[in-house]
Amino acid sequence: MMITALVQFTLPQPISREKAREIFSSTAPKYREIQGLVRKYYVLSLDGKIAGGVYLWNSQADADQLYTDEWKKFIFDKYGTLPSVTCFETPVIVDNTAGEIVTYP
């Protein structure tokens, strides 16, 4: 079963798209070799007040290995706020880039 995790945090001060790109690019390499992570999207609200990520995982166990107290401290140290993490089962994915619909048991 695939898992999609939605991570969000309210920033102490709004940031611009350019600043978000700079910050996100600095942390992106950290996620390249995470076991079970299929894809990560960095997100920023249109008003620059909320940031976070959408993660696609191979399993809940893989996701749980990332969202530790140490990871929450990393987010707090980087952005000045604690994240919320909500996980969802992902039974179907529409992938228009690949031209397919994928279902998971």
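Here is a short report on the structure shown in this document. None of the values given here were measured: they were computed from a predicted structure.

Section: helix α3 (residues 69–79)
Within α3 the residues assigned to the buried category are W71, I75 and Y79. Considered in projection along α3, the buried side chains sweep an arc of 50° and stay on one side of the axis. Within α3, the exposed residues directed more than 90 degrees away from the buried face are D69, E70, K73 and D77. A positive phi of about 80° marks G80, the residue just after α3.

Quick word on the sheet that holds strand β3 (residues 50–57)
The strand order across the open sheet built from four strands is β2-β3-β1-β4, with neighbouring strands paired in antiparallel fashion. Looking at the sheet topology across the chains shown, the edges are occupied by β2 (37–44) and β4 (84–90). Strand-to-strand twist in this sheet, taken as the mean axis angle between neighbours without regard to direction, amounts to 15°. Sheet topology places β2 next to β3; seven bridges connect them, and they run antiparallel. In the strand pairing of β3, L37 is matched with W57. Most of the contacts of helix α1 (residues 17–27) go to β2, to which it runs at about 155°, and overall it touches β2 and β3.

What counts, and at which threshold
- Residues numbered from 1 in each chain as written.
- Predicted model: local features only at pLDDT ≥ 70, side-chain atom pairs only at ≥ 80, totals over all residues.
- Heavy atoms only, no water.
- Buried < 20%, exposed > 50% of the residue type's maximum accessible area, 1.4 Å probe, protein only.
- Helix = DSSP H or I, 4+ residues; strand = E, 2+ residues; numbered from the N terminus.
- Arc of directions from axis to C-beta.
- Pairing = 2+ DSSP bridges.
- Axes fitted to C-alpha atoms, helices over the stretch in contact; angles between N-to-C directions.
- Contact = heavy atoms within 4.5 Å.

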